[in-house]
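The lines below spell out each chain.
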Amino acid sequence: MASSEVSRHLLFQSHMATKGTCTSSQLSDDEQKVKRENVRSLSMCGHVGFESLPDQLVNRSIQQGFCFNILCVGETGIGKSTLIDTLFNTNFEDCESSHFYPHVRLKAQTYELQESNVRLKLTVVNTVGFGDQINKEESYQPIVDYIDAQFEAYLQEELKIKRSLFNYHDSRIHVCLYFISPTGHSLKTLDLLTMKSLDSKVNIIPVIAKADAISKTELQKFKIKLMSELVSNGVQIYQFPTDDETIAKINASMNGHLPFAVVGSMEEVKVGNKMVKARQYPWGVVQVENESHCDFVKLREMLICTNMEDLREQTHTRHYELYRRCKLEEMGFKDMGPENKPVSLQETYEAKRHEIYGERQRKEEEMKQMFVQRVKEKEAILKEAERELQAKFEHLKRVHHEERLKLEEKRKLLEEEIIAFSRKKAACEIYQNQYFAASGSTLKKDKDRKK
């Protein structure tokens, strides 16, 4: 990375770090213009020394190191890991993925790389199982959720009272390499849906994987058709910047080569008197770094050597700022008031606090009314149940009284029968005694006669 690019990046980072603290005193464009016009330009009479500030920033940036996060989206076996190995000229030792995952999951791996005295913390995020499911309707949703999760983590760190953004590991995705199958026909519906869902969240660079599978004529037609489909469907892919005069010409030229048709390989084959990275076939050799064979060199030049810093900057200034703005607007924060007057953070906070307090009061009142209503309904139910129990009690009481009267009558009848029976018994005993007395006197007379 050139010293000018590093200086530009660090100056931008310093500006963005102080941007969040100036929200409450943010001026309108006209006020800022007037303020700039009031700044006086002076000439110095001698050397002071602040011209060394870019060198200081470069040295500090080199000591701190850089980070770069790549998201590889493509079907299993399309060559994502091989291309990443070839791009960075190393073996990341990523294990092969199966085709039988029920859901898409994202696997992130971070590596420490060093070239000369520059350290790079590289994070490669791979989409495992993308496009392998029978129902592909939600294949892209886990990717969207992952990107938003990284934005949310950075936003939460930025909103902390005690921040540590200087040494914070930035996991936001800086570029998405979208791998397209070399069918030679057109984009799949899944490709269009995925890129359309991601174009506002990440810098997309489409690449045609395994470009040696189709001929040069078919490849050129395929490129034209792909770009036509992307434009007609409103998919915004990353365009290499042309505002910097030093790289404007090459970037403008490379924008015409999109999407890049690439071939990846870490195998070395002897061609002539030297060993080159290539793929060996029975009919010949496809050299990875031969620009007449594929666009791998163009991709590496644009992605790593020329526009890596712009990708990082676009991620922060465009995609993250869009996410941040939407989130803060959802939370009720805004820059301008009803009369197009600047609103400070304190005013927004107070307004939001009053709004939340009023909403809470309203909900409390609703809950009280709901509670009273439910109590009344419960009381009505209990009263109805009480009436039913009272009616049942009266019915049982009446039945019990009737049964008691019946038993009383039966008791009286039984007592009368007992008295009648006692009288009959007494009468029988009297008759029996009289009979025995009569019988005894008759026997005595008979005995006397016999004598």
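My aim in this report is to walk through the structure given alongside it, one point at a time. All values reported here derive from a predicted model rather than from experimental measurement. (Residues numbered from 1 in each chain as written. Predicted model: local features only at pLDDT ≥ 70, side-chain atom pairs only at ≥ 80, totals over all residues. Heavy atoms only, no water.)

## Points about the sheet that holds strand E7 (residues 268–271)
Paired through backbone hydrogen bonds, the strands of a sheet run either parallel or antiparallel to each other.
Okay, so step 1: Strand order in the open sheet formed by three strands is E7-E8-E9, and the pairing between neighbours is antiparallel. Strands with a single pairing partner mark the edges of an open sheet, and in this sheet they are E7 and strand E9 (284–287). Each adjacent strand pair in this sheet contributes to an overall mean axis angle of 65 degrees, direction not counted.
Okay, so step 2: Here four bridges tie strand E8 (residues 274–281) to E9, and the two strands are oriented antiparallel to one another. Its bridge partner lying in E9, Arg279 is registered against Val286. (Pairing = 2+ DSSP bridges. Helix = DSSP H or I, 4+ residues; strand = E, 2+ residues; numbered from the N terminus. Axes fitted to C-alpha atoms, helices over the stretch in contact; angles between N-to-C directions.)

## As for the nonpolar core
Okay, so step 1: Within the largest apolar cluster, 74 residues are counted, with the highest numbers of intra-cluster contacts made by Ile205, Phe260 and Leu299.
Okay, so step 2: Here this core takes seven residues from helix H5 (residues 141–159), the largest share from any one element.
Okay, so step 3: In contact with Ile205, other than residues within four places in its own chain, are Val175, Cys176, Leu177, Tyr178, Tyr238, Phe240, Leu258, Phe260, Leu299 and Leu303. (Core = buried A, V, L, I, M, F, W, Y, C linked by side-chain atoms within 4.5 Å. Buried < 20%, exposed > 50% of the residue type's maximum accessible area, 1.4 Å probe, protein only. Contact = heavy atoms within 4.5 Å.)

## Some details on the pairing of strand E3 (residues 118–128)
Okay, so step 1: Counting buried positions over the eleven residues of E3 gives eight, a clear majority of the element.
Okay, so step 2: Pairing geometry for strand E1 (residues 66–73) and E3, over seven bridges, is parallel. When the bridges of E3 are listed, Leu71 appears paired with Val125.
Okay, so step 3: Note: strand E2 (residues 105–115) against E3, eleven bridges, orientation antiparallel. Directly across from Glu112, in E3, lies its bridge partner Lys121.
Okay, so step 4: Hairpin geometry of E2 and E3 is characterised by an intervening segment of two residues between the two adjacent antiparallel strands and by a positive phi of about 60 degrees at Ser116.

## Thoughts on the sheet that holds E1
Okay, so step 1: Taking strand neighbours across the sheet as the criterion, the six strands line up as E2-E3-E1-E4-E5-E6 in an open arrangement whose pairing is mixed. A strand with exactly one partner marks an edge of an open sheet, and here the two such strands are E2 and strand E6 (260–261).
Okay, so step 2: Relative to strand E4 (residues 175–180), E1 runs parallel, the two being bridged by four bridges. Residue pairing across strands places Cys72 opposite Leu177, the latter belonging to E4.
Okay, so step 3: Where helix H7 (residues 216–232) meets the sheet, its contacts fall on E4, strand E5 (204–208) and E6, and the angle it forms with E5 comes to roughly 150 degrees.

As far as function goes, none of this settles anything; it's purely spatial.
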